[in-house]
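Overview (structure and organization)
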Amino acid sequence: MHDGVFFEDHGIPTATVISSEFVRAAAAQAQALGAGDYKTVVVAHPIQPLTREEVRALADKAFDDIVARLTRR
Amino acid sequence: MTEYLDPTDSVAVPRKTAPRPASLDGKVVTLLDISKAKGDHLLDRVEELLRERAGVKTIVRKKKPTFARPAPDPLRQEIVGATDVLVEGLAD
Amino acid sequence: MALAGTDPIEELYARGVTDGLPVVPPTRERVARAVEATGRAAAELIAEVPPNYGRATVEKIAINAVMAGCRPDYLPVVIAAVEAVCDDAFDLHGVSATTNAPAPLIVVNGPIRHRLDINCGAGLFGPGWRANATIGRALRLVCVNVGGARPGVVSMSTFAHPGRYTYCIGEREEASPWDSLAVEHGFAAGDDTVALLAADAPITVYDQRSRTAPDLCATLAATLAVIEHHKMTHWGDTLLVLSPEHAAIVAGDGWGKADVRRFLFERLHRPVHELVPGVNGGDGLPEHVLRKFADPAHDATPIPKFRKPEHLKIVVAGGSAGRFSAVVPGWTFSKGSNLVLRRIR
């Protein structure tokens, strides 16, 4: 979260992709860093046991959210 | 009434959110791999989709040394100076 | 914060600033006495504590130390411990946020162990000594209250372990045949120091019958081999606590700490083909390592459990009676946390 908050603060629209188990931790950390409105892009937990193809499928699902997070869409 | 001293310290200073472009058309997009296993698979696919669908100008791939720490300052500065938008992942 | 009316212990718990156990209310008077014992200004900044980078001034540390139950003369140890965990090499950011279970372990060296009655002997990882109990607890409260490592919110450890209440021991230098941990790291024997390790819970190693250094070290190696999981490799700083009886066996064969480290390091290698994911367990060598071998399933190249022998840190501690050692695994993968020492001032 530190990186995402830093880049936003320096004028770079940022999409931070996290797994669903970390939504609360990310929000709490962003809040503590002064960025309470920071929004993440969420994919389903868990990631580590997945195959390459399964992870790529998560990217397909999340792609529209990533673009929306980076633009005025 | 007894007064106790506060053991916490709140340092939060309000941070800005960057203004958004209307689309990614013609933009430089940096994909930052946080070095957690499998994140590269996700970003590989995001890169393909950006090329197919978003009309971006350039895609830059960067990797931070470890997911367990914030990105080092030189890497942050390098990215800030050379990109329009950023995608980072994958934290799990 | 003004807390009127009700029981201060309940009030402080309700504020979310405790570890779940009752704390000593941090009154102005108590905190002032603790600050005074440091000989420093209350506003002096010691460190900014990750992950929130809250400012650990002498006063903020004193407030948390009072709550933990510290005597004022413990403050210099707590301050040195805060300095150490906030050193970039310790990676407190990662230690506080990881889903793994590490807690900062404080190992104290030097004469201050006697002045403060820090337990280095029987039962040293357990309860009964105010200094051990409250110095480690004070560091935990600083990590949560100043650093923001609130469990289950920002600190996402799946299990954590009981060392997150308090985790502080002394090395029993007087029972050691060798240089202390601090002396090995360049300090003088009369220096007071803390060494901080991002540590898992101690694993007791039982060996009543070994009478030679190689026999005993073979037993120790088999426990070190399963740190994290049996196929984890390239691990870093890890603490080996030898009881006085075990240390005497090793030293009786003329072995120094360097001999122990070399023996363990060399013994703790396994061939690539035993470390392939799916062989005897689904985890194993990461992809970037597997890619270096054309045919990992049949490759016998030895892969080390530890990156270098020097990552095996050795202290002598514990009760005079008992043929046990303890392995204290670090959370020390490459580019992660490292052992950090600081002088106590």
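From a predicted model like this one, the values you see are computed outputs, not experimental measurements.

Basis of the calculations
Residues numbered from 1 in each chain as written. Chains lettered and ligands numbered in written order. Predicted model: local features only at pLDDT ≥ 70, side-chain atom pairs only at ≥ 80, totals over all residues. Helix = DSSP H or I, 4+ residues; strand = E, 2+ residues; numbered from the N terminus. Rg over C-alpha atoms; globule rule 2.2 N^0.38 Å. Buried ≥ 20, exposed ≤ 12 C-beta atoms within 10 Å, placed from the backbone. Contact = placed C-beta atoms within 7 Å. Pairing = 2+ DSSP bridges. Axes fitted to C-alpha atoms, helices over the stretch in contact; angles between N-to-C directions. Nonpolar A, V, L, I, M, F, W, Y, C, P; charged D, E, K, R; others polar. Core = buried A, V, L, I, M, F, W, Y, C linked by C-beta atoms within 7 Å. Parallel < 35°, antiparallel > 145°, perpendicular 65-115°, else oblique. Left-handed = near helix turned anticlockwise from the far one by under 90°.

With respect to the overall build of chain C
Helix and strand counts for chain C come out as 12 helices and 13 strands. Against the 2.2 N^0.38 benchmark of 20 Å for 345 residues, chain C shows a C-alpha radius of gyration of 21 Å, consistent with a compact globule. Expressed along its principal axes, the backbone C-alpha trace of chain C runs to roughly 70 × 45 × 30 Å. Counting all 345 residues of chain C, 51% fall into the buried class.

Focus: the overall build of chain B
The helix and strand tally for chain B stands at two helices and four strands. Listed N to C, the secondary structure of chain B is β-β-α-β-α-β in terms of helices and strands. Here the C-alpha radius of gyration of chain B, 18 Å, is well above what a compact globule of 92 residues would show, namely 12 Å. By residue count, 38% of the 92 residues in chain B fall in the buried class. Of all intrachain contacts in chain B linking residues separated by at least 6 positions in sequence, the fraction that spans at least 24 positions is 75%.

Brief notes about helix α3 (residues 58-68) of chain C
All names here are of chain C. The element α3 is largely enclosed, with a buried count of 11 among its 11 residues. Within α3, the full set of buried residues consists of Val58, Glu59, Lys60, Ile61, Ala62, Ile63, Asn64, Ala65, Val66, Met67 and Ala68. Close packing links the buried residues of α3 with α2 (28-38), β2 (45-49), β3 (54-57), α4 (75-85) and α7 (130-145).

Details of the sheet that holds strand β13 (residues 340-343) of chain C
All names here are of chain C. Strand order across the open sheet formed by four strands is β5-β4-β6-β13, with mixed pairing between neighbours. The open sheet has two edge strands, β5 (168-170) and β13, and neither has a second partner. Adjacent strand axes in the sheet meet at a mean angle of 25°, parallel and antiparallel pairs treated alike. In the sheet, strand β4 (residues 103-109) pairs with β5 via three bridges, with the strands oriented parallel. Counted as the bridge partner of Val108 is Gly170 from β5. With respect to the sheet, α4 is in contact with β4, β6 (193-199) and β13, its orientation differing from that of β6 by roughly 50°.

Re the environment of Val66 of chain C
Residue and element names in this part refer to chain C. The topology assignment puts Val66 in helix α3. By the C-beta count within 10 Å, which is 30 here, Val66 ends up buried. Beyond its immediate chain neighbours, meaning those up to four positions away, Val66 contacts Val24, Pro26, Arg30, Val31 and Ala34.

Re the environment of Ala175 of chain C
Residue and element names in this part refer to chain C. Relative to the helices and strands, Ala175 resides in the loop between β5 and α8 (181-184). Distance in space between the C-alpha atoms of Ala175 and Ala317 is 7.5 Å, their sequence separation being 142 residues. Excluding residues that lie within four positions of it along the chain, Ala175 makes contacts with Pro244 and Val316.

A look at the interface of chain A and chain B
Opposite the 41 residues of chain A that make contact, chain B presents 33 residues. When contributions to the side of chain A that touches chain B are tallied by element, the ones reaching two or more residues are α1 (2-9), β1 (14-19) and α3 (52-70) of chain A. When residues of the side of chain A that touches chain B are assigned to their parent elements, the largest contribution, 10 residues, is made by α3 of chain A. Residue classes in the side of chain A that touches chain B are distributed as 22 nonpolar, 11 polar and eight charged. Pairing between β1 of chain A and strand β4 (residues 85-91) of chain B: four bridges, direction parallel. From the neighbouring strand, Thr14 of chain A faces β4 of chain B, where its bridge partner is Leu86 of chain B.

A closer look at the nonpolar core
All names here are of chain C. Counting residues in hydrophobic clusters, the biggest one holds 143 residues, and the most contacted among them are Val78, Val82, Val194 and Leu196. Broken down by element, the residue count for this core peaks at nine residues, all from α4. For Val194, the residues in contact, after removing those within four places along its chain, are Val77, Ala80, Ala81, Ala84, Ile106, Val107, Val108, Leu341, Arg342 and Ile344.

Details of the sheet that holds β4 of chain B
In a beta sheet, neighbouring strands are held together by backbone hydrogen bonds and run either parallel or antiparallel to one another. With parallel pairing, five strands are arranged side by side in an open sheet as β2(A)-β1(A)-β4(B)-β2(B)-β3(B). Two strands bound the open sheet, and with one partner strand each, they are β2 (41-43) of chain A together with β3 (58-63) of chain B. When the angles between neighbouring strand axes are averaged without regard to direction, this sheet yields 20°. In terms of strand pairing, strand β2 (residues 28-33) of chain B meets β4 of chain B through five bridges, oriented parallel. Looking across to β4 of chain B, one finds that Asp33 of chain B is bridged to Gly89 of chain B. Packed on one face of the sheet, helix α1 (residues 39-53) of chain B meets β1 of chain A together with β2, β3 and β4 of chain B and runs near 165° to β2 of chain B.

As for the packing of helix α9 (residues 213-224) of chain C against helix α11 (residues 257-267) of chain C
Residues and elements named next belong to chain C. Closest axis-to-axis distance for the α9/α11 pair is 10 Å, and the angle between their directions is 50°. Viewed along their axes, α9 and α11 adopt a mutual orientation that is oblique. As for the relative orientation of α9 and α11, their crossing is right-handed in sense. Packed against α9, whose contacting residues are Pro214, Cys217, Leu220, Ala221 and Leu224, the element α11 presents Val260, Phe263, Leu264 and Arg267 at the interface. Looking at side-chain class alone, the contact of α9 with α11 contains eight nonpolar, no polar and one charged residues.

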